[in-house]
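If you want the building blocks of each chain, they are given just below.
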Amino acid sequence: MTTLVVIAKECLPGKVKTRLHPPLSLEQAAEVAAASLGDTLLATDSLPASRRILLFDGNRPPVGSEQFDVIPQTTGPLDERIAALFDQVTGPTVLIGMDTPQLVRDDLAPAFDGEWPSDVDAWYGASTDGGFWALGLRDPDGSLVRGVPMSRDDTGAHQLARLAAAGLRVSRLRTLTDVDHIDDAIAAAAAAPGGRFAAVLNDALGSTE
């Protein structure tokens with residue numbers, strides 16, 4: 001069985017999705033971020049995970065995370081925070097972010113439905129901005145992430161090179177849009193028009209016209 005980890009932060013105005021401001025207000029950007037996280041949790045709800053972890057930066061976990069073990073993020077840059085988690089857990093583990101609200105259950109099904117494939121050491125889900133939205137490791141090891149430059153358009157290339165250097169066999173998941181800028185948000189909403197994220201974003205954009 002596989003552990004699911006969602007890395008997230010509390011959706012407070014001025015703390016999340018600040019690059020959506022403008023055209024959104026900081027309050028609207030926080031509401032959009034909360035909707036993205038909510039849709040992410042909902043999409044993973046039926047996965048047969050052996051354990052669910054919310055790797056959380058904040059004080060009040062979101063609605064929908066009641067079945068998750070909440071683990072505070074460590075301090076430091078993102079690579080260190082992810083690495084600390086992978087050093088802490090045991091057994092097959094898949095970590096995903098909160099910024100791809102077009103995620104559906106089937107995107108993660110290969111890593112959760114049935115036994116972890118014998119010919120896969122790592123699962124990798126690329127995002128359109130050059131980073132990644134999912135990273136799964138059969139044998140979690142923080143050294144596979146620690147030192148990888150994050151939040152850059154070559155983050156994914158560095159991460160894949162790290163996995164390859166370790167001799168890991170990598171299987172790809174679907175590429176998704178990571179929401180950083182307003183154009184990303186619009187694209188993600190268009191890909192999942194029935195989600196809460198799309199509804200909240202469209203309401204916010206409508207109010208700015």
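Residue indices begin from 1 for each chain and proceed along its sequence in written order. With the structure being a predicted model, the display of local features is reserved for residues of pLDDT at least 70 and the display and counting of side-chain atom pairs for 80 or more, all residues being used for whole-chain, interface and lining totals. Values shown for side chains rest on all heavy atoms present in the structure; no hydrogens or waters enter the calculation.

When helices and strands are counted, the chain shows six helices and seven strands. Secondary structure elements are taken from DSSP: a helix is a run of H or I of four residues or more, a strand is a run of E of two residues or more, and numbering for both begins at the N terminus. Shown N-terminal to C-terminal, the secondary structure of the chain runs as helices and strands in the order β-α-β-β-α-β-α-β-β-α-β-α-α. In this description the radius of gyration comes from C-alpha coordinates, and the expected globular size is given by 2.2 Å times residues to the power 0.38. The C-alpha radius of gyration of the chain comes to 16 Å, within 12% of the 17 Å expected for a compact globule of 209 residues. Principal axes of the C-alpha set define a box for the chain whose edges measure 50 × 30 × 30 Å.

On the secondary structure map, L176 appears in strand β7 (residues 170-176). Accessible area is worked out with a 1.4 Å probe on protein chains only. A residue is then buried under 20% of its type maximum, exposed over 50%, and partly exposed in between. Overall, L176 belongs to the buried group, its relative accessible area being 1%. Spatially, the C-alpha atoms of L176 and L41 are 16 Å apart, while their sequence positions differ by 135 residues. We call two residues in contact when some of their heavy atoms are within 4.5 Å. Each residue touching L176, except ones within four places of it in the same chain, is listed here: T100, Q102, L103, D107, A126, S127, T128 and W133.

Further remarks concern the sheet that holds strand β6 (residues 132-137). Strands sit in the order β3-β2-β1-β4-β6-β5-β7 across an open sheet of seven strands; the sheet is mixed. At either end of the open sheet lies a strand with only one pairing partner, and these are β3 (69-72) and β7. Adjacent strand axes in the sheet meet at a mean angle of 20°, parallel and antiparallel pairs treated alike. Each pair of strands is called paired provided DSSP finds at least two bridges between the two strands. Relative to strand β4 (residues 93-96), strand β1 (residues 3-9) runs parallel, the two sharing four bridges. Residue pairing in the sheet places T3 in a bridge with T93 of β4. Where helix α3 (residues 105-112) meets the sheet, its contacts fall on β1, β4, β5 (122-127), β6 and β7, and the angle it forms with β7 comes to roughly 170°. Where helices are involved, their axes are fitted lines through C-alpha atoms of the stretch in contact, as for all axes, and angles between N-to-C directions lie from 0 to 180°.

Attention now goes to helix α4 (residues 155-165). An α-helical turn contains 3.6 residues, so a residue and the one three or four places further along point in the same direction. Among the residues of α4, those classed as buried are T155, G156, Q159 and L163. The arc that holds every buried residue of α4, seen down its axis, measures 95°, which confines them to one face. For α4, exposure combined with an orientation more than 90 degrees from the buried face picks out A157, A164 and A165. Elements that come into contact with the buried residues of α4 comprise β5, β6 and β7. Among the residues trailing α4, G167 stands out with phi positive, at a value near 75°. To be clear, the arc concerns the directions from the helix axis to the C-beta atoms.

The next subject is the packing of aromatic side chains. Pairs of aromatic rings are described using the distance from one ring centre to the other and the angle between the two planes. We call Phe, Tyr and Trp rings a pair once their centres come within 6.5 Å, taking the six-membered ring for Trp, and we label the pair stacked below 30 degrees between planes, edge-to-face above 60, and tilted otherwise. Tallying each qualifying case throughout the model produces two aromatic pairs. Measuring from ring centre to ring centre gives 5.8 Å for Y124 and F132, while their planes differ by 45°; the resulting arrangement is tilted. Of the two residues, Y124 and F132, neither departs from the other in class, the shared state being buried.

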